[in-house]
Amino acid sequence: MGIATVNPATGETVKIFEPTPVDEIEVKLALAETTFKQYRKISLEQRSQWLKAAADILERDQRKLGETMTLEMGKPIKSAIAEAKKCALVCRYYADNAAEFLKDVEAETDASRSFIRYQPLGVILAVMPWNFPLWQVFRFAAPALMAGNVGILKHASNVPQCALAIEAILAEAGFPAGCFQTLLIGASQVESIINDPRVKAATLTGSEPAGASLASAAGKQIKKVVLELGGSDPFIVLESADIEAAATTAVTARMLNNGQSCIAAKRFILAESIADEFQALLVEKFKALKVGDPMEEDTDIGPLANASMLLELNQQVQETVTKGGTILLGGQVVSDRPGYFYQPTILTDIPVDSPGYYDEFFGPVALLFRVKDIDEAIELANDTIFGLGSSAWTNDPAQQDRLIEEIEAGCVFINGMVKSDPRLPFGGIKRSGYGRELSIEGMQEFLNVKTVWIK
């Protein structure tokens, strides 16, 4: 169908969009390059005012923006509204901190004066996913625009209204035409954009294959890329943990965004001594979740984003069971309503050769594992191609130190749920990608770190 809004709660095609014509792409790229030459000279104070205005618009229109997200990709409306508000938060964070992040850094050398200056690169291509259709974009756009870069957005083809809304927000906030433009194009056109000499770098959040494709194309052009890809995050619970708090958090950590989050907890690694208690609590809490219309305020779990994702998730569950896994709860497509709904599901006894052991499950499915001690817990947590987030629960300081040191991931959260925060760098290792978003590190990814030496 191409670029269209399809309501995943009903399967109904709401609106079809014409792709951006090739000649219009050329016009937009030319405008981006021309705009950058002037925009980079605009004061930080002015950029900050525009970004704060964007934050005000996000808060003003949070309900409307939330409804657009829910319509296009199915997240519960309360989560969608919270996402719009979080985008305002990241805008204000960079508006308030960019001057400090971008100031010259003095260095003592044999020169009369030497220092480091941070300068923008130019036009940056952002290839963004549907699961957090505003947040993923604004956490790139806010630091990029404050740094003096300009952006070209290729959003996921199932969230075109979100993509256009972001461009409109930044325009209304006062950013000059050409600072941030949306292209309604398919994945097959991305390589031609990255090949264009006016595009200086790219960032992608999405699947492993998409990341590999973009990185390969960018590598041929010697252009920098930041990649945030998949994850199969461990959620480790050891014997000294607060089991009730861990189980309560586990539900949110797994079911965030209908289970469709790269940093959602997916593999629950439980010490034998507390496994029965934790499992019973998790089953009880999953049973209490309301699956339903994501536009209703009391809905906990909405639909998956599209039919193919529903099919893939169900295939992963069924193959895991065929190979010896056990269904404790759920394990089926919701058949008594239209749309792409899947039952909240818990699997255990997961064989090593099954999808439940080595795949990323993008949906409301929790995978339970039992280990005898912290050594086994760390070994199992690291036995994955991914390395994005991780959560570990223990009140033993020595165990906390080991987990922080030995877990192979871009972040470790102790006694808490993995989340992105503008104040902390975000990203992964291994096949979860490279580079960082957010904090000062996220801004520096798309800067020329220029050495200056004066005698």
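These lines cover the structure that appears in this document, whether it is placed above or below. Computed from a predicted model, the values in this text were never measured in an experiment.

1. Quick look at the overall build of the protein
From N to C terminus, the protein includes 15 helices and 18 strands. Relative to its length of 455 residues, the protein is compact, with a C-alpha radius of gyration of 23 Å against a globular reference of 23 Å. By principal-axis analysis of the C-alpha atoms, the protein measures approximately 65 × 60 × 40 Å. Looking at the protein as shown, the accessible area adds up to about 18100 Å², and 53% of this sits on carbon and sulfur atoms.

2. Comments concerning the pattern of salt bridges
The tally for this structure, following the rule as stated, stands at 29 salt bridges. K78 serves as the salt-bridge partner of D300, at 3.5 Å between the closest nitrogen and oxygen. Residue D300 is found in the loop between α10 (272-287) and α11 (307-322), and its partner K78 is found in helix α4 (residues 77-102); the two are separated by 222 residues along the sequence. By relative accessible area, K78 is classed as partly exposed at 36%. For the salt bridge of E106 with R113, the shortest nitrogen-to-oxygen distance reads 2.6 Å. Residues joined in a network through salt bridges with shared partners are E26, D196 and R198.

3. Thoughts on the side chain of K223
Its place among the elements puts K223 in the loop between α8 (208-220) and β9 (224-228). Buried and without a salt bridge, K223 has D196 as its closest oppositely charged side chain, separated by 6.2 Å. The residues contacting K223, other than those within four sequence positions of it, are I194, N195, D196, P197, V199, K200 and A218.

4. Concerning helix α13 (residues 374-382)
Given 3.6 residues to a turn, an α-helix orients residues that are three or four positions apart in the same direction. Along α13, the positions that sit buried rather than exposed are I374, A377, I378, L380, A381 and N382. Contacts from the buried residues of α13 go to β10 (233-237), β11 (265-271), α12 (355-358), β14 (365-371) and α14 (397-406).

5. What about the pairing of strand β8 (residues 199-205)?
Successive side chains on a regular strand alternate, one facing one side of the sheet and the next facing the other. Counted residue by residue, β8 has six buried out of seven residues, so it is predominantly covered. Here five bridges tie strand β5 (residues 123-127) to β8, and the two strands are oriented parallel to one another. Residue pairing across strands places I124 opposite A201, the latter belonging to β8. Note: β8 against β9, five bridges, orientation parallel. From the neighbouring strand, A202 faces β9, where its bridge partner is V225. For the segment spanning β8, α8 and β9, crossover handedness is right-handed.

6. What about the sheet that holds strand β13 (residues 345-348)?
Strand order across the open sheet formed by seven strands is β12-β13-β14-β11-β10-β15-β16, with mixed pairing between neighbours. At either end of the open sheet lies a strand with only one pairing partner, and these are β12 (326-329) and β16 (413-414).

7. Some points on the pairing of strand β4 (residues 113-120)
Across three bridges, the pairing between strand β3 (residues 105-107) and β4 is antiparallel. Across the sheet, residue E106 finds its bridge partner in β4, namely F115. The antiparallel hairpin formed by β3 and β4 contains five residues in its connecting segment. Sheet topology places β4 next to strand β18 (residues 447-454); eight bridges connect them, and they run antiparallel.

8. As for the packing of helix α2 (residues 44-60) against α4
Interaxial distance between α2 and α4 falls to 7 Å at its minimum, and their mutual angle equals 170°. Judged by the inter-axis angle, α2 sits roughly antiparallel to α4. Residue-level inspection shows L44, S48, L51, K52, A55, D56, L58 and E59 of α2 in contact with α4, the latter providing A84, C87, A88, C91, R92, Y94, A95, D96, A98, A99 and L102. Classifying every residue of the contact of α2 with α4 gives 13 nonpolar, one polar and five charged.

9. Quick look at unusual backbone geometry
Notably, N257 is not glycine yet its phi reads approximately 60°, a positive angle. By the element assignment, N257 lies in the loop between α9 (243-255) and β11. One non-glycine residue, N415, lies in the positive phi region at around 60°. Position of N415 among the secondary structure elements: in the loop between β16 and β17 (433-434).

10. Quick notes on the sheet that holds strand β6 (residues 150-154)
With mixed pairing, six strands are arranged side by side in an open sheet as β7-β6-β5-β8-β9-β17. Here the strands that pair on one side only, and so sit at the sheet edges, are β7 (180-183) and β17. The strands touched by helix α1 (residues 22-39) within the sheet are β5, β6, β7 and β8, with β6 carrying the most contacts at an inclination of about 155°. Strand contacts of helix α6 (residues 160-173): β6 and β7, with the helix running at about 160° to β7, the strand carrying the most contacts.

11. Here's the deal with the packing of aromatic side chains
Evaluated as defined, the whole model comprises 13 aromatic pairs. Measuring from centroid to centroid gives 6.3 Å for Y94 and F101, while their planes differ by 70°, and the two rings are edge-to-face. Side by side, Y94 and F101 carry an identical accessibility label, which is buried. Ring centres 5.1 Å apart and planes at 45° place the aromatic pair F235 and F268 in the tilted group. You can see F235 sitting in strand β10 and its partner F268 sitting in strand β11, a full 33 residues away along the chain. F268 gets classed as buried once you look at its relative accessible area, which sits at 0%. An aromatic cluster is present here, built from F235, F268, F278 and W393 joined pairwise through their rings. Cation over ring: R47 sits above Y39, and NZ or CZ is 5.4 Å from the ring centre. Positioned above the aromatic ring of W135 is the side chain of K86, whose terminal nitrogen or guanidinium carbon lies 4.5 Å from the ring centre.

Criteria and cut-off values
- Residues numbered from 1 in each chain as written.
- Predicted model: local features only at pLDDT ≥ 70, side-chain atom pairs only at ≥ 80, totals over all residues.
- Heavy atoms only, no water.
- Helix = DSSP H or I, 4+ residues; strand = E, 2+ residues; numbered from the N terminus.
- Rg over C-alpha atoms; globule rule 2.2 N^0.38 Å.
- Areas by Shrake-Rupley, 256 points an atom, 1.4 Å probe, with all protein chains shown as cover.
- Salt bridge = Lys/Arg side-chain N within 4 Å of Asp/Glu carboxyl O.
- Buried < 20%, exposed > 50% of the residue type's maximum accessible area, 1.4 Å probe, protein only.
- Lys, Arg positive; Asp, Glu negative; His and termini not counted.
- Contact = heavy atoms within 4.5 Å.
- Pairing = 2+ DSSP bridges.
- Right-handed = clockwise from strand over helix to strand, strands pointing away.
- Axes fitted to C-alpha atoms, helices over the stretch in contact; angles between N-to-C directions.
- Parallel < 35°, antiparallel > 145°, perpendicular 65-115°, else oblique.
- Nonpolar A, V, L, I, M, F, W, Y, C, P; charged D, E, K, R; others polar.
- Phe/Tyr/Trp six-rings, centres within 6.5 Å; stacked < 30°, edge-to-face > 60°.
- Lys NZ or Arg CZ within 6 Å of the ring centre and 35° of its normal.

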